[in-house]
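# Overview (structure and organization)
Each chain, letter by letter, is given below.
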Amino acid sequence: MLAGIRDPSLRARGLEKISWARRFMPVLDAIAGQLDLTGRRVGLVLMLEPKTANLALTLRDAGADVIVTCPASEVADDVAAALAHAGVTVLARSDASPADDRDFALRMLREGLDVLVDDGSRVVRLAHAENLLDGLIGAAEETTSGLRPLRVMADRGELRIPVLAVNDARSKYLFDNVHGTGQSCVMAALDLTGLQLAGEVCVVAGYGYVGQGVARYARALGARVVVSEVEPFAALRAHHEGYEVLPLLDACPEAGLVFSATGVAHTITGEHLRAMRPGAVVAVAGGVPDEVETGDVPPGVTVLADGECVNCAAAEGNPIEIMDLSLAVQALAVEHLVRRGHAMAHAVHLMPAELDERVARLKLRALGIGLDTPSARQREFLGSGL
C-alpha cells in the first residue's frame, strides 16, 4: 500500500527514528510487558510518526493485530515503511487524496476491529455513519475536539459503543495539551516562518489547556501575549495569570502571530483575517477543519499548514517524553476496553483513576522522583471528617 515500502534505506531511516524515540519512552516500556492483547485487532488513527509507531509496536508485541491509518498530511513515509516491514498493517500514504484517506479508514473498519484508538473521532463517527460497528468493543479518543461530538452523540442516544476519554486523563491533558502541544505548536510556527517571537504580539484564541500552553511558551520566548476567550472563567484566569485579554477582533490588528486553540470551527473568520496587518501569520494548535476560514485570506496574511494542526501537519508532533505519557494511557485504555468494554454503557467514560495514576507513578519512578506517604496521624485526620 505504501510507495517505497520495499526501499531498504527508507525502512532503515524509519527504524532509526523509531528506536531513537523509544529511548525516551520509559513509561510505555514499563507497561509493554504487562499487556495481553492476544488475538485482538486494534485500529490506530494517529499521526504516523516515530512516537506513535512505538505504540503500534507495543500493541503488536502484546499479541494484537495492529492496523494504522491517518490523513496524508500526517504520514512519515519512512516510519510507515518501517512499521509495515515489522508486521503492522499500514493503510496510509503521504500522497493520498482526501478520498483515499476515507477509503483507507473504511478498509480498516471492514477488517473487524476489537478496539479503535481515534484522533478527532473522525473514524468513530465514520463507523457510525457507515454502520461498521459489528464486533467493535469500544474506542479511545485522545482529543478535546474529538470528544465534543461524541458527547453530543451520547446525549442524543446515538453513540453505539463505549468510548474512553483518554484526553480527560490527568496524565494526558495536564502534560500533553499544555507542555506538549504548547511547545510543539509554537516551535513549528517559528520553524516554518523563520521569525522571532521576542518583542512580537502573539494572540491566542482560546485559553483551555492547549491555549494555556501556547501562551506560556510564546511568553517564555519574549512575546507579548494577548488572549481572546468566549468563556468568562477562562478569560478571568488568563487575566490573573498576567495576560492581556481582548476580543479577538480587537486583538488582530497588532498581531504578528495568531494561534487558534479552541477546537471550534469558524474561530478565525474572514473578518478577523482582514483585520490583521500585512505579514501576520496564523496557525492552528490542535483543532478541527475550518477552525480558520482559509477561503478568505487577504494578501499579506499567511495561514500555516493550510489551517490544519500545525504541529502535526507541518512538524514532528509533541515532544517524545510528553507523548510517552499519552501513549501509555492509550495502551492501558486499549487493554481496559478489551477486558471491560462489553460491560460498559454506550457513553463517554473517564479513564479509571487507578490507570491514570499508574502512568503518573511510573513516570515519577523513571525520573527518580520520590513521593511522601501520609503518616498514620494524617490518615486518621483525613478519615475523621474534620
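Residues numbered from 1 in each chain as written. Predicted model: local features only at pLDDT ≥ 70, side-chain atom pairs only at ≥ 80, totals over all residues. Heavy atoms only, no water.

### Observations regarding the overall build of the chain
Counting secondary structure elements, the chain contains 16 helices and 13 strands. Reported as C-alpha extents along the three principal axes, the dimensions of the chain are approximately 65 × 55 × 45 Å. Taken across its 386 residues, the chain has 53% of its residues classed as buried. Across the chain, the fraction of contacts at a sequence separation of at least 24, relative to all contacts at a separation of at least 6, is 67%. Computed over 36 positive and 50 negative side-chain charges, the separation of the two mean positions in the chain equals 5 Å. (Helix = DSSP H or I, 4+ residues; strand = E, 2+ residues; numbered from the N terminus. Buried < 20%, exposed > 50% of the residue type's maximum accessible area, 1.4 Å probe, protein only. Contact = heavy atoms within 4.5 Å. Lys, Arg positive; Asp, Glu negative; His and termini not counted. Charge placed at Lys NZ, Arg CZ, Asp CG, Glu CD.)

### Focus: unusual backbone geometry
The residue Ser121 is not glycine, and still its phi comes out positive at about 55°. Tracing the backbone through its elements, the reader meets Ser121 in the loop between strand E4 (115-118) and helix H6 (122-129). The phi torsion at Ala305 lies on the positive side, around 55°, for a residue other than glycine. Summarising the element assignment, Ala305 is placed in the loop between strand E12 (302-303) and helix H13 (310-313).

### Looking at the sheet that holds strand E3 (residues 89-90)
Read from one edge to the other, the open sheet built from 7 strands follows the order E3-E2-E1-E4-E5-E6-E13, with strand pairing classed as parallel. Both edges of this open sheet fall to E3 and strand E13 (348-350), since each of them pairs with a single strand only. As paired elements, strand E1 (residues 41-44) and strand E2 (residues 65-68) share 4 bridges and run parallel to each other. Within E2, the residue paired with Val42 across the bridge is Val66. (Pairing = 2+ DSSP bridges.)

### Thoughts on the layout of surface pockets
Estimated volume of the second largest pocket: approximately 180 Å³. Looking at the lining of the second largest pocket, the elements that each hand over two or more residues are helix H14 (320-340) and helix H15 (353-367). The dominant element in the lining of the second largest pocket, judged by the number of residues it contributes, is H14, at 5 residues. Partitioned by chemical class, the residues of the lining of the second largest pocket number 3 nonpolar, 2 polar and 5 charged. (1 Å grid on protein atoms, 1.4 Å probe; cavity = no way out; pocket = protein on both sides within 12 Å on 5 of 7 lines; lining within 4 Å. Points joined across faces, edges and corners; volume = space filled by probe spheres on them. Nonpolar A, V, L, I, M, F, W, Y, C, P; charged D, E, K, R; others polar.)

### Focus on the packing of aromatic side chains
The relation between two aromatic rings is expressed through the spacing of the ring centres and the mutual angle of the planes. With the rule as written, the count across this model stands at 3 aromatic pairs. For the pair Tyr173 and Tyr209, a centre-to-centre distance of 4.7 Å together with 50° between the ring planes defines the contact as tilted. Of this pair, Tyr173 sits in helix H8 (residues 170-193) while Tyr209 is found in helix H9 (residues 209-220), placing the two residues 36 residues apart along the sequence. Seen in terms of ring centroids, Tyr207 and Tyr243 are 5.8 Å apart; in terms of plane orientation they differ by 65°. Their pairing is edge-to-face. Highlighted residues: Tyr207 in the loop between strand E7 (201-205) and H9 and Tyr243 in the loop between helix H10 (232-240) and strand E9 (244-245), separated in sequence by 36 residues. In terms of burial, Tyr207 and Tyr243 fall into one category: buried. (Phe/Tyr/Trp six-rings, centres within 6.5 Å; stacked < 30°, edge-to-face > 60°.)

### Here's the deal with the side chain of Thr267
With respect to the helices and strands, the residue Thr267 is situated in the loop between strand E10 (257-260) and helix H12 (270-275). Thr267 gets classed as buried once you look at its relative accessible area, which sits at 15%. Among the polar contacts made by the side chain of Thr267, one reaches the side chain of Thr262 at a distance of 2.6 Å. Residues in contact with Thr267, not counting those within four places in the same chain, are Ala205, Leu248, Ser260, Thr262, His272 and Glu291. (Polar contact = N/O pair within 3.5 Å; in protein donor to acceptor, adjacent residues only side chain to side chain.)

### Considering the sheet that holds strand E8 (residues 224-228)
Spatial strand order, E9-E8-E7-E10-E11-E12: 6 strands in an open sheet with parallel pairing. Looking at strand neighbours, the two that pair on one side only are E9 and E12, the edges of this open sheet. Of the strand pairs in this sheet, E8 and E9 are connected by 2 bridges, and their pairing is parallel. Opposite Val226, over in E9, you have Glu244 as the bridge partner. Contacts between H8 and the sheet are confined to E10 and strand E11 (281-284), with E10 contributing the most and set at about 140° to the helix. (Axes fitted to C-alpha atoms, helices over the stretch in contact; angles between N-to-C directions.)

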